[in-house]
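Listed below are the residues making up each chain.
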Amino acid sequence: MVKFNQGRRNRYFAVSIIMIMIWAMAACSSSGEVNTTNGNKENTVSNIEQPPASADPGAMQGEVNLLSIWGSGWGETFQKIKEEFNKAYPDIKVNYMEQGIDDLAALVSAGTPPDVIIADGGRFPRDWVRDGLIEDMASWVEKDPEVSPDIFYEPAYNRGVDADGKVWQLPFQVGPNFPLIYNPDILEQYGNTELPAMNSLQDYGDFLKKYWVVENGEQVMTTFSPLETFGNFNSLVTFAYLNGADSTHFYDPAANKATFNDPKIVEALEWMMQFKRENIDDERMKQLGETLPENTSRFMAGKSLFELGGIYQAQEYRKINPDLQVAAMPAESLWLGGHGISLTTLGKQENKEAAWTLLKWLSSSKEGAEANLKFNGNLSGVKDNPYFVEQTKTDPAMKVAYDVLQQAKKVPPFFPVPYEAEFDGKFAEVTAGKLEPKAFLDHMTTYTQALLDEQQK
């Protein structure tokens with residue numbers, strides 16, 4: 001769910017890539033090499049000798065630099081997680097880097113590169129794969145008896161693996177999308193005792209319309225809008241998936257082919273725009289917003305049946321109103337977001353085993369999963385998570401999160417090119433009625449494919 005500054009990212013790569021590659025090759029020169037294939041701009045790290053696992057894990061030593069997308073804002077939280085890690089590995093020193101990902105070039109230039117990076121799943125890592133900044137961890141996974149693909153939720157693991165089986169990330173955190181937080185009093189007020197199944201766009205739209213109520217020209221009741229699902233792209237993905245699409249309908253990585261204009265995606269966007277035309281009047285919504293108490297939302301003011309949210313949001317809402325209920329979106333629409341953790345090619349080789357040990361503990365252990373949830377409120381990609389299961393017995397939001405994780409089989413599509421700014425700009429024209437959905441998706445297919453083809457040159 002994190003939205004990155006694409007322009008800043010492009011500038012960072014344009015200015016720093018040569019410097020980083022030189023550092024990467026120097027850092028790996030004693031035990032391996034960085035191979036660059038200019039034909040597809042995919043660089044892979046090969047022949048890196050991995051130290052044997054220590055016979056006594058508690059005696060393992062090393063120093064590991066960890067960089068995350070959260071920068072200094074996550075330092076206090078990570079300190080608590082690190083303390084749990086050091087109970088098992090007291091002689092591995094972990095330096096949490098207060099900088100953010102955009103500072104990677106400066107860190108490399110200063111001679112203090114990270115050994116491990118936590119990033120959004122799929123976006124940054126694909127740039128880093130191309131530029132040889134992170135390592136294929138397939139051999140680490142293969143050799144380590146404590147790590148295997150089947151310990152993770154399948155889509156959470158697969159989002160960090162490419163078509164050739166190279167493992168660029170392991171799951172650090174998963175986002176089960178989406179829980180519905182709803183008000184049972186409003187549900188009953190309009191004649192329903194429970195949420196229906198809603199297994200198609202038609203079913204979903206028919207149910208939502210009952211709660212878009214206008215009286216005397218005023219909007220008196222709503223739901224969340226299909227256009228309000230955590231941004232334009234997430235909205236389209238969620239309802240395209242409800243319509244039977246998956247990530248391959250947007251992009252085929254094996255063929256490097258963009259297909260925004262797949263019929264299932266076109267149908268979904270047309271449905272979203274039709275719903276807006278029939279139910280959502282911008283002026284009425286503005287007037288409704290002006291009547292709400294300060295610092296509240298339609299939902300918390302009793303003017304909306306439900307909202308989509310994350311687990312933390314559901315928990316916070318229920319602290320304010322314990323009568324609120326939580327349910328999952330329709331099964332077909334469910335997908336897993338989240339963040340992944342990668343091993344860089346930039347650090348010192350003598351710290352490689354310690355770096356892998358930290359990465360493994362954070363991503364793959366029950367202890368790491370418990371610490372991540374207890375101190376950070378985040379769910380691990382590991383299926384066997386006793387602490388999580390214990391929370392589901394008393395926390396309805398956690399119970400729904402657990403249910404979503406058992407059902408979700410999809411992940412969002414990831415394009416290895418910067419299409420986001422064009423998507424958002426043109427999407428605004430669609431919602432304003434200036435561009436038809438099919439024309440927009442045709443344009444995005446052509447636009448994105450041109451970027452993909454250019455990248456291959």
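Remember, it's a predicted structure, so these values are computed and weren't measured experimentally.

K.L.:
Lay out the sheet that holds strand β12 (residues 306–308) with the relevant residues and their values.
P.N.:
Pairing within the open sheet is antiparallel, and its three strands lie in the order β12-β7-β13. Two strands in the sheet have a free side with no partner beyond their single neighbour: β12 and β13 (325–328). Adjacent strand axes in the sheet meet at a mean angle of 25° when their direction is disregarded. Sheet topology note: the strand β7 (residues 179–182)/β13 ladder contains four bridges and is antiparallel. Bridging from a neighbouring strand, Tyr-182 pairs with Gln-325 of β13.

K.L.:
Pulling in residues and values, what's your account of the packing of aromatic side chains?
P.N.:
Evaluation of the coordinates by the stated rule reveals 37 aromatic pairs. Consider the rings of Trp-74 and Tyr-96, whose centres lie 5.8 Å apart with planes at 65°: the pair is edge-to-face. In this pair, Trp-74 sits in the loop between β3 (62–68) and α2 (75–88) while Tyr-96 sits in strand β4 (residues 92–96), placing the two residues 22 residues apart along the sequence. When sorted by exposure, Trp-74 lands in the same class as Tyr-96, which is buried.

K.L.:
An account of the side chain of Ser-365 is requested, with residue identities and associated values reported.
P.N.:
Residue position: Ser-365 is located in the loop between α14 (352–364) and α15 (366–376). Of the polar contacts made by the side chain of Ser-365, one reaches the backbone oxygen of Trp-361; its length is 2.6 Å. Contact partners of Ser-365, with chain neighbours within four places excluded, come to Lys-360 and Val-382.

K.L.:
Requested: an account of the nonpolar core, with residues and values cited.
P.N.:
Tyr-204, Phe-250 and Phe-306 are the most contacted members of the largest nonpolar core, which has 79 residues in total. When residues of this core are assigned to their parent elements, the largest contribution, eight residues, is made by helix α11 (residues 263–279). Ignoring anything within four residues of it in the chain, the contact list for Tyr-204 reads Leu-180, Met-198, Phe-224, Phe-239, Leu-242, Trp-271, Phe-306, Met-329 and Pro-330. Listed in part, the 33 residues of the second largest apolar core include Met-60, Trp-140, Leu-170 and Ile-341.

K.L.:
Go over the sheet that holds strand β5 (residues 116–120) with me, naming the residues and quoting the values.
P.N.:
Ordered by their spatial adjacency, five strands build an open sheet running β4-β3-β5-β14-β6, and the pairing between neighbours is mixed. Each edge of the open sheet is held by one strand with a lone partner, namely β4 and β6 (170–177). Taking the axes of each pair of neighbouring strands and ignoring which way they run, one obtains an average angle of 20° across the sheet. For β6 and strand β14 (residues 335–343), the ladder comprises seven bridges, and the chain directions are antiparallel. When the sheet's bridge partners are listed, Gln-173 is paired in β14 with His-339. Where α2 meets the sheet, its contacts fall on β3 and β4, and the angle it forms with β4 comes to roughly 170°.

K.L.:
Hey, could you go over α14 for me, with residue numbers and the actual values?
P.N.:
Note that an α-helix has 3.6 residues per turn; residues three or four places apart therefore point the same way. With 13 residues, α14 extends 17 Å between its outermost C-alpha atoms, agreeing within 8% with the 18 Å of an ideal straight helix rising 1.5 Å per residue. Burial within α14 is extensive, with 13 of its 13 residues counted as buried.

K.L.:
Can you lay out the confidence of the model for the protein for me, pointing to particular residues and giving the numbers?
P.N.:
Summarising the model, the protein shows a mean pLDDT of 87, and 87% of its residues fall at 70 or more. In the predicted structure, residues 1–55 sits below a pLDDT of 50 and forms 114 contacts with residues beyond four places in sequence or in another chain.

K.L.:
Any chance you could break down unusual backbone geometry for me, citing the residues and the numbers?
P.N.:
Omega for the bond connecting Asn-177 with Phe-178 falls within 30 degrees of zero, at 5°, which places this linkage in the cis form. By secondary structure assignment, the location of Phe-178 is in the loop between β6 and β7. With a phi angle near 55°, Met-198 is a residue other than glycine that sits in the positive phi range. Within the element layout of this structure, Met-198 appears in the loop between α7 (184–189) and α8 (201–209). The exposure class of Met-198 is buried, given its relative accessible area of 4%.

K.L.:
A description of the packing of helix α9 (residues 232–242) against α11 should follow, citing residues and the corresponding values.
P.N.:
Where α9 meets α11, the closest approach of the two axes is 8 Å, and the angle between their N-to-C directions is 115°. When the axes of α9 and α11 are compared, the pair comes out roughly perpendicular. Pair α9 / α11 crosses with right-handed handedness. Of the residues in α11, those touching α9 at Ser-235, Leu-236, Phe-239 and Ala-240 are Ile-265, Ala-268, Leu-269, Trp-271 and Met-272.

K.L.:
Which residues make up the packing of α2 against α14, and what values do they have?
P.N.:
One can describe the packing of α2 onto α14 by two numbers: an axis separation of 11 Å at closest approach and a directional angle of 105°. When the axis of α2 is compared with that of α14, the two are roughly perpendicular. Note on element contacts: α14 touches α2 through Thr-357, Leu-358, Trp-361 and Leu-362, opposite Phe-78, Ile-81, Glu-84 and Phe-85. Classifying every residue of the contact of α2 with α14 by side-chain character gives six nonpolar, one polar and one charged.

Here is what the cut-offs are and how they apply
- Residues numbered from 1 in each chain as written.
- Predicted model: local features only at pLDDT ≥ 70, side-chain atom pairs only at ≥ 80, totals over all residues.
- Heavy atoms only, no water.
- Pairing = 2+ DSSP bridges.
- Helix = DSSP H or I, 4+ residues; strand = E, 2+ residues; numbered from the N terminus.
- Axes fitted to C-alpha atoms, helices over the stretch in contact; angles between N-to-C directions.
- Phe/Tyr/Trp six-rings, centres within 6.5 Å; stacked < 30°, edge-to-face > 60°.
- Buried < 20%, exposed > 50% of the residue type's maximum accessible area, 1.4 Å probe, protein only.
- Polar contact = N/O pair within 3.5 Å; in protein donor to acceptor, adjacent residues only side chain to side chain.
- Contact = heavy atoms within 4.5 Å.
- Core = buried A, V, L, I, M, F, W, Y, C linked by side-chain atoms within 4.5 Å.
- Expected span 1.5 Å × (residues − 1).
- pLDDT = per-residue confidence, 0-100.
- Parallel < 35°, antiparallel > 145°, perpendicular 65-115°, else oblique.
- Left-handed = near helix turned anticlockwise from the far one by under 90°.
- Nonpolar A, V, L, I, M, F, W, Y, C, P; charged D, E, K, R; others polar.

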